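Below are the chains, spelled out letter by letter.
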Amino acid sequence: MSLRAEAHTPQTTQVRRFGPVQKWVHRTTAALMGVCVVTAAFLYVPQLAELVGRRELVVRVHECAGLALPVPVLVGLVSRRFRTDLGHLNRFGPHDKMWLLAVLSRDKRRSSRPAAKFNAGQKIYASWIAGATLVMLGTGLIMWFTHLTSIAWRTSATFVHDWLALTIGIVLAGHIGMAIGDPEARSGLRTGKVSQEWAKREHPLWRP
């Protein structure tokens, strides 16, 4: 290709997907969740616990990170764009049912998986992880302030906390795996912009 031809090659059109607040909330929440998962692993896996030794310090870091988990979302509520995105995540339409049916039937055609700014899978994940975070926070507080509840409550809270933590770890692994498989989506979270071609292909009902 000649230099003149290259000069006239159209550049990929970029559209804004996320603003600074959305990116900050996602990064901060991901960092806090990562700290919770890593410290939990060092608390419950004996081989890892032996590597650290300072269990009391790990417990304190785990508790502080857990208490701080809801903070990024609460701070993000000051942004109108962030609140708008939460509204999109919390609203299911007929196209979301079609998307889920296509996934269940393993129909990989793009036309059978319509999506607006967020697809049905992302909406379900966001709702589930938000609910799981609140349950983890509540059960963690019961385990922390032992004098406030009976031993039966503390035992139940420990059971729920431990098994839900394992479930969160598995779900997060799947979430990260899907993100690795879509470089454009990762770029959108990092830079806030995606190509118009990707937006039309993956989220045809989204109107930036």
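Residues numbered from 1 in each chain as written. Predicted model: local features only at pLDDT ≥ 70, side-chain atom pairs only at ≥ 80, totals over all residues. Heavy atoms only, no water.

Colleague: Explain unusual backbone geometry to me, please; I cannot follow it from the model alone.
Modeller: In most cases, non-glycine residues show a negative phi, while peptide bonds are predominantly trans. For Arg 106, which is not glycine, the phi dihedral falls at a positive 60 degrees. Tracing the chain through its elements places Arg 106 in the loop between helix H7 (94-104) and helix H8 (120-144). (Helix = DSSP H or I, 4+ residues; strand = E, 2+ residues; numbered from the N terminus.)

Colleague: Where do I start with a positive patch on the surface in this structure?
Modeller: A cluster of basic residues, Arg 16, Arg 80, Arg 81, Arg 83 and Lys 193, forms a positive patch at the surface. When residues of the positive patch are assigned to their parent elements, the largest contribution, three residues, is made by helix H6 (residues 80-89). Along the chain, Arg 80 turns up in helix H6. Exposure remark for Arg 80: the relative accessible area of 59% places this residue in the exposed category. (Patch = residues over 30% accessible without salt bridge, like charges linked within 9 Å, V, L, I, M, F, W, Y side chains within 5 Å. Areas by Shrake-Rupley, 256 points an atom, 1.4 Å probe, with all protein chains shown as cover. Salt bridge = Lys/Arg side-chain N within 4 Å of Asp/Glu carboxyl O. Lys, Arg positive; Asp, Glu negative; His and termini not counted. Charge placed at Lys NZ, Arg CZ, Asp CG, Glu CD. Buried < 20%, exposed > 50% of the residue type's maximum accessible area, 1.4 Å probe, protein only.)

Colleague: Where do I start with the layout of surface pockets in this structure?
Modeller: The gaps left among the atoms become clear once a water-sized probe is rolled over them. Here the second largest pocket defines a volume of roughly 760 Å³. Looking at the second largest pocket, it is lined by 29 residues, and the ones nearest its centre are Ala 40, His 62, Met 136, His 161 and Ala 165. Looking at the lining of the second largest pocket, the elements that each hand over two or more residues are helix H2 (20-44), helix H4 (55-68), H8 and helix H9 (151-180). The class makeup of the residues in the lining of the second largest pocket is 20 nonpolar, six polar and three charged. (1 Å grid on protein atoms, 1.4 Å probe; cavity = no way out; pocket = protein on both sides within 12 Å on 5 of 7 lines; lining within 4 Å. Points joined across faces, edges and corners; volume = space filled by probe spheres on them. Nonpolar A, V, L, I, M, F, W, Y, C, P; charged D, E, K, R; others polar.)

Colleague: Could you clarify how one ought to interpret the pattern of salt bridges in this entry?
Modeller: As a working rule, side chains carrying opposite charge can pair if their charged atoms are close by. This model, assessed by the stated rule, comprises seven salt bridges. Arg 60 serves as the salt-bridge partner of Glu 56, at 2.8 Å between the closest nitrogen and oxygen. Taken together, the residues span about one helical turn, with Glu 56 and Arg 60 both in helix H4 at a distance of four residues. With its nearest N and O atoms 2.9 Å apart, the salt bridge here joins Lys 117 to Asp 85. A residue pair is termed long-range when its members are at least 10 positions apart, and Lys 117 in the loop between H7 and H8 and Asp 85 in helix H6 qualify at 32 residues. Note on accessibility: Lys 117 and Asp 85 belong to one class, buried. One continuous salt-bridge network, built from bridges that share partners, spans Glu 56, Arg 60 and Glu 63.

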